[in-house]
Amino acid sequence: MENLLRRRAAFVCHSCVRSARQQSWRNYSSVPPRPDIYDVVCVGGGPAGLSLLTALRANPNTSHLRVALVEAQDLSRIRSWSLPPDKFSNRCSSLTPSSVKFLEQIGAWEHMARDRVQPYQEMQVWDGVSGARIEFDWAGAAPNTGTTIAYMTENLNLTSGLLKRLEELGGVSTFDNARVEDITYGEETEELDLREWPVIQLSGGKQLSARLLVGADGANSPVRSFANIEAKGWDYNRHGVVATVELEGEGWGGEFTKIAYQRFLPTGPVAMLPMPGNYSTLVWSTTPSNAAFLKSLSPKDFTAMVNAAFRLSTVDLEYMHTQTSGQDEEYSWRMEHTPVDHRAVPQAVTAVQEGTIASFPLKLRHADTYVAERVALVGDAAHTVHPLAGQGLNQGQGDVQSLAKTIEYAVTHGQDIGVGMSLESYVSERYAANHVLLGVCDKLHKLYSFGSGPLVPLRSFGLSAVNALGPLKTFVMNQAAGNGIKVF
Amino acid sequence: MRSSLLRPTTPRALLRSSPKPRQLLPLSSRLPPPPPPQPCPARSHSSTTTTSSVNETEISHFSSLASSWWDPHGPSRPLHLMNPHRHDFIRSCLSSSPSSPPCSSLTYLDVGCGGGIFAESAARLPTTTSVTGIDASPVILEVAKSHAKRDPSLAQKLTYINCPVESLTLPPVDIVTCFEVIEHVDYPSQFLSELTKFVKPGGWVIMSTIARTWTSWVTTNLVAEDILGMVPKGTHDWNKYLHEYELREWFQKDRTENGEKKWGEARVMGVVFVPGCGWKEVRGSEKIGNYFFGVQRLA
């Protein structure tokens with residue numbers, strides 16, 4: 001009763017309420033055994049986590065939320081990341097126009113090194129076995145949708161730009177170089193019942209209590225494990241080999257019409273994606289043993305293998321994988337006997353940048369749901385997709401955009417942003433859409449992994465048919481550009 | 001009561017055959033003189049005075065729902081889904097009049113707050129200074145209090161009092177809310193005079209209830225309670241439903257001592273529950289089912 005009367009005094013004076021409230025917040029943070037209370041704790045400072053925090057900080061409706069970022073790496077090094085103009089990181093992503101629009105909205109796009117971002121206007125996709133081809137170019141297919149299909153960006157350019165924007169916005173409690181030791185639940189005291197609130201225990205003893213814990217912590221998400229959300233899927237038994245390569249020129253279309261190339265080989269697709277100037281980034285999905293083999297080659301032989309992958313027959317290419325060395329000479333000799341339309345394949349690779357050849361295993365994973373009480377998953381923590389459509393990072397951006405909108409709605413309507421009810425719209429907006437994309441990329445991978453048999457002519461017919469049908473092609477391109485018709 | 005309504009009948013016939021005509025109109029003449037309100041021993045937890053607007057059967061019905069009040073998939077789900085629309089409606093009312101209180105520091109009184117779905121959400125808004133939630137059921141109010149402990153941001157702004165509105169002592173507030181309550185009250189006229197006392201001039205009374213129509217009987221009583229079981233049986237008493245014009249008329253007749261208008265023009269928004277989709281704003285639907293009602297105090 002006494003307590004009640006004391007609280008009732010609240011509406012006597014507004015400023016008293018405010019000072020009392022501030023005091024109570026301060027109390028939470030100054031008493032050591034009690035965890036610091038946050039509205040949003042985001043574990044993971046990759047593109048998804050940083051975009052979410054930037055979106056929340058940049059929006060006046062959510063900027064009052066108390067937010068924290070937990071990241072294992074040293075973020076100051078990523079923020080100050082820079083490379084000379086003729087060097088490019090090997091981890092690049094294709095940002096769709098809708099992802100770019102979102103980054104513009106939250107004010108991060110202008111903080112990126114724009115001279116290191118390469119838009120492309122055409123796509124060339126063909127079947128490595130039958131040669132059936134589909135050409136995508138906006139000029140012919142969809143004159144009203146702008147000319148850029150997507151923007152090639154180094155992932156570090158994106159994260160660095162986001163960190164700079166976050167620094168400008170301020171107000172994020174950042175715990176970097178910090179490991180999540182454990183996630184538990186809060187306790188019940190006389191005044192508070194935090195038994196449903198996740199408490200993140202950091203290395204060094206710091207404890208953060210979260211109204212909403214966001215798992216942006218990658219494919220092996222500890223937050224997902226904490227929330228008991230299972231991620232189902234399979235490994236493709238494929239690795240993605242990446243490298244930054246230099247071409248003989250700035251592309252067949254010149255400086256202003258850049259083209260992305262992808263050839264489906266029975267071992268997986270190989271893609272050459274344009275970067276500024278004469279540079280391109282390579283993503284070659286292949287078997288783990290082929291990946292190890294490619295990584296072991298000399299730069300000269302590796303370059304020959306990449307050129308061969310876009311030009312030679314699958315039989316020739318297979319043979320070259322069995323040679324211990326000398327691929328360079330083998331390639332030159334075989335090219336003399338292979339008729340190639342040079343303008344239909346990427347310009348020849350002349351060099352590979354030192355230290356940029358790397359590989360990573362490819363898998364498909366989809367979490368059973370994206371939310372639990374006081375937990376939400378975004379990006380790779382929620383789904384991992386085959387890179388053949390370049391959609392992984394964009395899916396994460398789509399998640400973040402949707403979650404930020406969901407949080408904004410909850411905040412402006414007085415809902416507790418952590419409870420399942422407030423997060424329902426995030427799941428309904430993203431789950432089915434992501435599932436469709438995961439499935440399409442998975443089926444494409446499987447369809448093209450046959451080197452022979454009845455499926456080869458069928459799929460070639462499919463590609464040729466798609467190529468001949470304008471509206472269908474436009475639809476496919478719209479999907480790739482992330483501004484497609486909303487299926488759900 | 002229900003049995004007489006089970007006979008197929010048109011709305012008009014239904015109204016005529018209704019054994020207990022709605023007592024709201026004309027409130028002043030037709031109503032039996034309500035028992036005089038007794039002052040409540042201020043802010044006592046346990047004071048459920050016998051003389052109040054609230055009906056004991058209603059209290060015990062809602063008390064029995066206490067445990068499921070905050071279950072988002074339980075019987076209160078429609079209320080949870082409706083809550084954001086309440087805020088939208090309040091905002092539209094406030095912005096409709098230049099003499100509304102400033103939106104940066106609002107005080108609320110929520111009459112019949114139940115488990116605190118609205119009261120908590122109002123207290124969570126950064127634009128809110130304080131919220132007082134009152135409810136006649138001590139059981140429900142305990143649910144509200146223990147649930148509020150789950151959110152540290154509420155303690156400084158939200159106060160619950162177990163008390164009928166007649167016994168409440170509170171300085172006037174900017175916004176008096178009363179959601180899905182008046183259709184459970186025995187003497188709505190008395191109830192309205194009591195709760196409107198707590199609005200500051202310039203402030204708003206915001207309510208929501210259900211129109212007494214054939215459609216609302218089918219949807220709220222027959223479908224929601226009897227067929228789908230979405231809402232527990234006995235939640236709705238169709239005879240207590242109120243038309244928006246009945247409320248409008250009450251506020252028009254409520255004048256100052258000099259006979260001047262005390263209330264502005266009422267604002268109404270009809271909403272329809274679409275299973276699987278939630279509540280949708282449908283213009284004109286206030287005539288047939290659930291609706292929000294807002295009116296600004298002029299003097």
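Residues numbered from 1 in each chain as written. Chains lettered and ligands numbered in written order. Predicted model: local features only at pLDDT ≥ 70, side-chain atom pairs only at ≥ 80, totals over all residues. Heavy atoms only, no water.

Re the confidence of the model for chain B
Residues and elements named next belong to chain B. We apply this condition: Per-residue confidence from the prediction method is given by pLDDT, with values spanning 0 to 100. Any pair of residues with heavy atoms lying within 4.5 Å of one another is described as a contacting pair.
A residue-level look at chain B finds 80% of positions with pLDDT of 70 or above and a mean pLDDT of 80. A low-confidence stretch, residues 1–50 (pLDDT under 50), is modelled with 87 contacts involving residues beyond four sequence positions or located in other chains. For this predicted complex, the interface confidence reaches an ipTM of 0.79, while the overall pTM sits at 0.83.

Looking at the UniProt feature "domain: Methyltransferase type" (unreviewed entry) in chain B
Short version of the rule: UniProt positions are given in the numbering used here, feature names are shortened, and annotations may be inferred rather than shown by experiment. Only DSSP runs of H or I covering at least 4 residues are called helices, and only runs of E covering at least 2 are called strands; the numbering of each starts at the N terminus.
Under the feature "domain: Methyltransferase type" (unreviewed entry), the UniProt entry names residues 109–207 of chain B. Structurally, residues 109–207 of chain B comprises 28% helix and 32% strand, and the distance from its first C-alpha atom to its last is 12 Å.

Here we look at the pattern of salt bridges
Convention followed: For this analysis, a salt bridge means a side-chain nitrogen from Lys or Arg found within 4 Å of a carboxyl oxygen belonging to Asp or Glu.
In this structure the tally under the stated criterion is 30 salt bridges over all chains. Within the structure, one salt-bridge network assembled from shared partners comprises Asp39(A), Arg211(A), Arg374(A), Asp416(A), Glu120(B), Arg124(B) and Asp151(B).

What about helix H7 (residues 138–148) of chain B?
Definition in use: The buried label goes to any residue with under 20% of its type's maximum accessible area, the exposed label to any with over 50%, and the partly exposed label to all in between, with areas taken from a 1.4 Å probe on protein chains only.
Looking only at H7(B), the buried set comprises Ile140(B), Leu141(B), Val143(B), Ala144(B), Lys145(B), His147(B) and Ala148(B). Here the buried face of H7(B) lies against helix H4 (56–63), helix H6 (117–124), strand S2 (128–135) and strand S3 (158–162) of chain B.

Some details on the confidence of the model for chain A
Residue and element names in this part refer to chain A. Within chain A, residue pLDDT values average 85, and 82% of them lie at 70 or more. Considering only residues more than four positions removed or in separate chains, one finds that residues 1–32, a stretch of pLDDT under 50, has 40 contacts. Segment residues 139–145 is flagged for pLDDT under 50; beyond a separation of four residues in sequence, or across chains, it makes six contacts in the model.

Digging into the state of the cysteines
Stated precisely, the cut-off is as follows: Note that a disulfide, as used here, is simply two cysteine sulfur atoms within 2.5 Å.
For the structure on display, the rule yields zero disulfides over all chains. Here Cys113(B) stays free of any disulfide, with the sulfur of Cys178(B) as its closest cysteine sulfur at 11 Å.

Thoughts on the sheet that holds S3(B)
Adjacent strands of a sheet pair through backbone hydrogen bonds, lying either parallel or antiparallel. All names here are of chain B. The condition is simple: Two strands form a pair only when DSSP identifies at least two bridges running between them. Only the stretch in contact is used when a helix axis is fitted, and all axes are lines through C-alpha atoms; the angle between N-to-C directions ranges over 0 to 180 degrees.
The eight strands are arranged S3-S2-S1-S4-S5-S8-S6-S7 in an open sheet whose pairing can be described as mixed. The two strands at the open ends of the sheet, each matched to only one other strand, are S3 and strand S7 (278–281). Between one strand axis and the next, the sheet turns through 20° on average, direction left out of account. Alignment of S2 against S3, held across five bridges, turns out to be parallel. By the bridge assignment for S3, Val-131 is matched with Leu-158. Contacts between H7 and the sheet are confined to S2 and S3, with S3 contributing the most and set at about 165° to the helix. Those strands touched by helix H8 (residues 188–196) are strand S1 (106–111), strand S4 (173–179) and strand S5 (199–210), and its axis lies near 145° from that of S5.

Digging into the packing of helix H10 (residues 299–311) of chain A against helix H12 (residues 327–336) of chain A
Residues and elements named next belong to chain A. What counts, and what does not: Roughly parallel covers angles under 35 degrees, roughly antiparallel covers those over 145, roughly perpendicular covers 65 to 115, and oblique covers all other angles. The crossing is said to be left-handed when, going from far helix to near helix, the turn is anticlockwise and less than a right angle, and right-handed when the turn is clockwise. Note on residue categories: nonpolar means Ala, Val, Leu, Ile, Met, Phe, Trp, Tyr, Cys or Pro, charged means Asp, Glu, Lys or Arg, and polar means any other residue, Gly included.
One can describe the packing of H10 onto H12 by two numbers: an axis separation of 8 Å at closest approach and a directional angle of 30°. Taken together, the axes of H10 and H12 are roughly parallel relative to one another. For H10 against H12, the interelement crossing comes out left-handed. Residues Lys-300, Asp-301, Ala-304, Met-305, Asn-307, Ala-308 and Arg-311 of H10 touch H12, and the partners they reach there are Gln-327, Asp-328, Glu-329, Tyr-331 and Met-335. Tallied by class, residues from the contact of H10 with H12 come to five nonpolar, two polar and five charged.

What to know about unusual backbone geometry
All names here are of chain A. Positive phi values are uncommon outside glycine, yet Asn-177 reaches one of about 55°. The residue Asn-177 is located in the loop between strand S8 (172–175) and strand S9 (180–185) in this model. With phi around 55°, Asn-237 is a residue other than glycine that occupies positive phi space. Looking at the secondary structure, you find Asn-237 in strand S12 (residues 231–247).

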